[in-house]
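A closer look at the structure
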Amino acid sequence: MKKIRVIYLFTLILSSVNIWAQYQKDALLYKDPNQSVERRVEDLLSRMTLEEKVMQLNQYTLGRNDNANNMADPINDIPAEIGSLIYFSSNPDLRNQVQKKAVETSRLGIPILFGYDVIHGYRTVYPISLAQACSWNPTLVQQACAVAAQEARMSGVDWTFSPMVDVARDGRWGRVSEGYGEDPYTNAVFGAASIKGYQGNDISGSKNVAACLKHYVGYGASEAGRDYVYTEISRQTLWDTYMLPYEEGVKAGAATLMSCFNDISGTPGTANHYILTEILKKRWGHDGFVVSDWGAIEQLRSQGVAKDRKEAAMKAFNAGVEMDMMNQCYNNHLATLVKEGKVSEELLNDAVKRVLRVKFRLGLFDNPYTPSSTEKERFLLPESLKIAEKLAEESIVLLKNEDNVLPLKNGSKIAVVGPMAKSQWHLLGSWRAHGNAEDAVTIYAGLENEFKNRARLLYASGCDFDGEDKSGFEEAKATARDADVIIACLGEKAQWSGENASRSTIALPSIQEELVAALKETGKPIILLLSSGRPLELNRLEKLSDAMLQVWQPGIAGGNPIAGIIAGRINPSGKLSITFPYSTGQIPIYYNQRKSGRTHQGKYQDIPSTPLYGFAHGLSYTNYEYGDIKISSEKIRKKDKLTAEIAVTNTGGMDGMETVHWFIYDPVSTTSRPVKELKLFEKQLIREGETKVFRFEIDPLRDLGFIDGNGDRFVEAGEYYVMVNDKKVKLEVED
Ligand code: BGC
């Protein structure tokens, strides 16, 4: 009897242990929001089959895709186990429906990650990135990105493929519009600001999205400004020019990165172990994931480094690309590659963990569905419109203003001409997400709002954006004759920049230049409004005009900020984030070129060798007087810190926002250095008659030092210059 009792007790204990073990197994720790992200990731991974793991690493599309550059057969039967979808719809319904399938019918209920290109706004479209950088106001850019994030997340998007921080120095490249210009530091600052705007303090927030730094790295060096082509980038240039914005973006917390299309000196970005694994993951410690660019894995075949999709999958995956965007390479080949030992299980697990980590951080496991809301609740909120308008205002650059023709006096009769005057569509630029042209205020409408009862507007279009039809010239001239001043609204069509939109010249089509030449015959002052997605060749137009305002593609606020500047309600404060060459033949031309051996020679015989408008050029309606640069010490040791200050006084007749750019120059170094390098910028409001002090805290290693071809930073003893405009001061660094 006793024996039976012991056996009974023993069985009871054993089964309790089993039940407990089973309970532990079924407890689905990964579903417990109180567990840490890492524990949840590990737990979930331990339950996944090889096939389930592989599916997490694929991205398909959902909804109607209108992007002509990226067409592919839609995958109608979306597997419930898919890792991610590019979400083209602008409301959450479809997303929620497909998410339900993933959460409720897949074995482990892993939610899908929905991504989309939210580049410069979602519905509230603000200026293109190149223009944003001309505002020199990262706080404003951060706010604009927060608006985009709110609109996107409330519409069913968790992840944006933005910011693009590709330093770009060739205006022929259409994608120059998508980045922050020619300078590495500027790209770094605005990239980080936009990441903060998108992600907020916590990407699980219901109005935040995960950011994606792209296109890692060097895409901006595309030869001759053509898209998708080769880039020749030495290790030195890679580090000097292209890496900083990515390094800073990773520090700012970018959840993900997108690898680039370009073949970097023989190793395409998609298969580049050095940049993706050695640097990004190992040195910088990034623990999110890398998504390929659209089709870029299978394009390793066209680039000649993979014989078929299977080899392409192997190369991209082993290099460090975790997610396959529309290649059909990982879904078809990764499992086999693992079984054949060509891809290690350890690497596969690491990749899956990276993707899951981002999903957990976004809160998708706990809140997989997007709450429903009306368009009115999520789009074009008054506060969002204000930010879009302010950013457009600050990104417009007054290039020229002879005899202070601007601002216009009240009572003027204004002839508004040119193909941009009444366009809504082209104001939005490329990558407009769910922007609606009808939301955009045309230049003409903006002028009407601004000058109501204060000036008379006359209108004639004059000509189209391109072509040879001059039949409208006479009407335009007659209209101009009737007026006191001409505002000619010129520019590029939206589709002339952006992806796969290179141009062989950065001049406007000759019909537009001819229109201005015809208007010049009237003898009336000519103000040019220039809307474009790239820097322009303006040397001929400059001669014909009295004032020129570079308005870029300003987004939906469009005509309002432009008209505000023309009327003097707004004092222009934008400065160029990219050089405007004298002509296309000067490209590549950028402010931070390296020193030449013969500065007195090596000039062009037929054109000037200097640009028409240099980096940071931009006029104001007021005058600023710069004092001398004062430094806290003329001699410092490498480890010391130093402060430089400059006082700027507004001596003109209007309040203004002034940006001070701090450059450094190193006359002699182990490696040759650029003629100057931007290290800091700051924008401040300076009221009429007021003086403001701008300060630069110099850290010798960060600000005076240089980087070598391995990405290591050094500072050498010797002489340096700190420069602001035409002011400079010398300092000496000792060991
Ligand atoms: C572009 C990326 C974009 C992706 C998804 C690619 O063709 O290069 O910038 O994010 O498509 O639309």
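Residues numbered from 1 in each chain as written. Predicted model: local features only at pLDDT ≥ 70, side-chain atom pairs only at ≥ 80, totals over all residues. Heavy atoms only, no water.

**Digging into the overall build of the protein**
When its secondary structure is counted, the protein shows 21 helices and 27 strands. For 735 residues, the compact-globule formula gives about 27 Å, and the C-alpha radius of gyration of the protein, at 28 Å, lands near that figure. In terms of overall dimensions, the protein has C-alpha extents of about 120 × 65 × 50 Å along its principal axes. A buried classification covers 60% of the 735 residues belonging to the protein. (Helix = DSSP H or I, 4+ residues; strand = E, 2+ residues; numbered from the N terminus. Rg over C-alpha atoms; globule rule 2.2 N^0.38 Å. Buried < 20%, exposed > 50% of the residue type's maximum accessible area, 1.4 Å probe, protein only.)

**Quick notes on the site of the ligand**
Around the ligand sit 13 residues, and of these D117, R175, K214, H215 and D293 come closest. In the model, an oxygen atom of the ligand is placed 2.8 Å from a nitrogen or oxygen of the K214 side chain. If the ligand stood free it would expose 310 Å²; the protein chains cover 99% of that surface. Tallied by class, residues from the shell around the ligand come to six nonpolar, two polar and five charged. (Near = heavy atom within 4 Å. Polar contact = N/O pair within 3.5 Å; in protein donor to acceptor, adjacent residues only side chain to side chain. Areas by Shrake-Rupley, 256 points an atom, 1.4 Å probe, with all protein chains shown as cover. Nonpolar A, V, L, I, M, F, W, Y, C, P; charged D, E, K, R; others polar.)

**Focus on helix α9 (residues 244-251)**
Within α9 the residues assigned to the buried category are P245, Y246, G249 and V250. Down the axis of α9, the sector holding all buried residues measures 135°, keeping them to one side. For α9, the secondary structure elements touched by its buried residues are α7 (184-199), β5 (212-216), α8 (235-242), β6 (256-259) and α10 (273-283). Backbone geometry just downstream of α9 places G253 in the positive-phi region, at approximately 100°. (Arc of directions from axis to C-beta. Contact = heavy atoms within 4.5 Å.)

**Brief notes about helix α13 (residues 345-361)**
The terminal C-alpha atoms of α13, which comprises 17 residues, lie 24 Å apart, in line with the 24 Å expected from a rise of 1.5 Å per residue. With 12 of its 17 residues buried, α13 lies for the most part within the structure. Those residues of α13 not exposed but buried are L348, N349, A351, V352, K353, R354, V355, L356, R357, V358, K359 and F360. (Expected span 1.5 Å × (residues − 1).)

**Remarks on the packing of α8 against α9**
Between α8 and α9, the least distance of the axes is 6 Å, while the angle of their chain directions is 55°. By the angle class used here, α8 and α9 are oblique. Contacts from W239, T241 and Y242 of α8 reach α9 at L244, P245, Y246 and E247. Residue composition of the contact of α8 with α9, by class: five nonpolar, one polar and one charged. (Axes fitted to C-alpha atoms, helices over the stretch in contact; angles between N-to-C directions. Parallel < 35°, antiparallel > 145°, perpendicular 65-115°, else oblique.)

**Topic: the pattern of salt bridges**
Evaluated as defined, the whole model comprises 52 salt bridges. Linking E542 and K400 is a salt bridge whose minimum nitrogen-to-oxygen distance equals 3.4 Å. With E542 in helix α19 (residues 539-544) and K400 in strand β11 (residues 397-401), this residue pair connects regions lying 142 residues apart in the sequence. The closest approach of N and O atoms between E514 and K470, which form a salt bridge, is 2.6 Å. (Salt bridge = Lys/Arg side-chain N within 4 Å of Asp/Glu carboxyl O.)

**Considering the domain arrangement of the protein**
Domain boundaries assigned for the protein yield domain 1 (1-28), domain 2 (32-361), domain 3 (381-586) and domain 4 (624-734). The C-alpha centroid of domain 4 is placed 35 Å from the C-alpha centroid of domain 3. Listed as interface residues are six residues of domain 3 and, on the opposing side, nine residues of domain 4. Surface buried jointly by domain 3 and domain 4 totals about 580 Å² across both partners, of which 46% is contributed by carbon and sulfur atoms. It is N571, S573 and K575 that lose the most area in domain 3 upon contact with domain 4, and together they represent 74% of the buried surface on that side. Linking domain 3 to domain 4 there are two salt bridges. Here E394 and K683 are joined by a salt bridge, their closest N and O atoms 2.8 Å apart. Our enumeration of links across domain 3 and domain 4 arrives at five residue pairs in polar contact (both at pLDDT 80 or more). (Domains from an automatic or database assignment. Buried area = accessible area lost by both parts, 1.4 Å probe.)

**Concerning unusual backbone geometry**
In this chain, Y216 is followed by V217 through a cis amide linkage whose omega measures 5°. You can see V217 is positioned in the loop between β5 and α8. Geometrically, the link from I587 to P588 is a cis peptide bond, its omega value of 5° lying close to zero. For A224, which is not glycine, the phi dihedral falls at a positive 55°. For A224, the position within the fold is in the loop between β5 and α8. Overall, the relative accessible area of 45% leaves A224 in the partly exposed class.

**What to know about the environment of V733**
As for its position among the elements, V733 is in strand β27 (residues 727-734). C-alpha of V733 to C-alpha of E682: the two residues are 51 residues apart in sequence and 25 Å apart in space. With residues near it in sequence (within four places) discarded, V733 still touches I636, R637, K638, L704, E716, A717, G718 and Y720.

**What to know about the state of the cysteines**
Under the counting rule described, the total for this entry stands at zero disulfides. Counting only cysteine sulfurs, C463 is the nearest neighbor of C489, a cysteine outside any disulfide, at a range of 11 Å. (Disulfide = S-S within 2.5 Å.)

**Some thoughts on the packing of aromatic side chains**
According to the stated counting rule, one finds 30 aromatic pairs in the structure shown. With centroids separated by 5.4 Å and ring planes inclined at 65°, the aromatic side chains of Y591 and F663 adopt a geometry described as edge-to-face. Here F663 lies in strand β21 (residues 656-665) and Y591 lies in the loop between α20 (559-567) and β17 (624-626), a separation of 72 residues in the sequence. The pair Y591 / F663 is uniform in exposure class, with both members buried. An aromatic cluster of at least three residues, connected via ring pairs, comprises W136, Y180, Y185, F190, Y591, F615, F663 and F681. Above the plane of the ring of Y590 lies R169, whose end atom (NZ or CZ) is 3.9 Å from the centre. (Phe/Tyr/Trp six-rings, centres within 6.5 Å; stacked < 30°, edge-to-face > 60°. Lys NZ or Arg CZ within 6 Å of the ring centre and 35° of its normal.)

**What about the sheet that holds strand β9 (residues 289-291)?**
Taken together, three strands build an open sheet; the order of strands is β5-β6-β9 and the sheet is parallel. Sheet topology places β5 and β9 at the edges, where each strand pairs with a single neighbour. Ignoring strand direction, the axes of neighbouring strands in this sheet form an average angle of 30°. Pairing of β5 with β6 involves three bridges; the strand directions are parallel. (Pairing = 2+ DSSP bridges.)

**A word on the nonpolar core**
It is characteristic of soluble globular proteins that their nonpolar side chains tend to be buried jointly. Judged by nonpolar contacts, the single largest core of 164 residues is most densely connected at Y216, Y330 and W552. In terms of residue count, the dominant contributor to this core is helix α6 (residues 138-154) (eight residues). Beyond its immediate stretch of four places on either side in the chain, Y216 contacts M243, Y246, L257, M258, S259, C260, I275, L276, I279, L280 and W284. In this structure, L398, V416, A455 and A567 belong to the second largest nonpolar core, which totals 38 residues. (Core = buried A, V, L, I, M, F, W, Y, C linked by side-chain atoms within 4.5 Å.)

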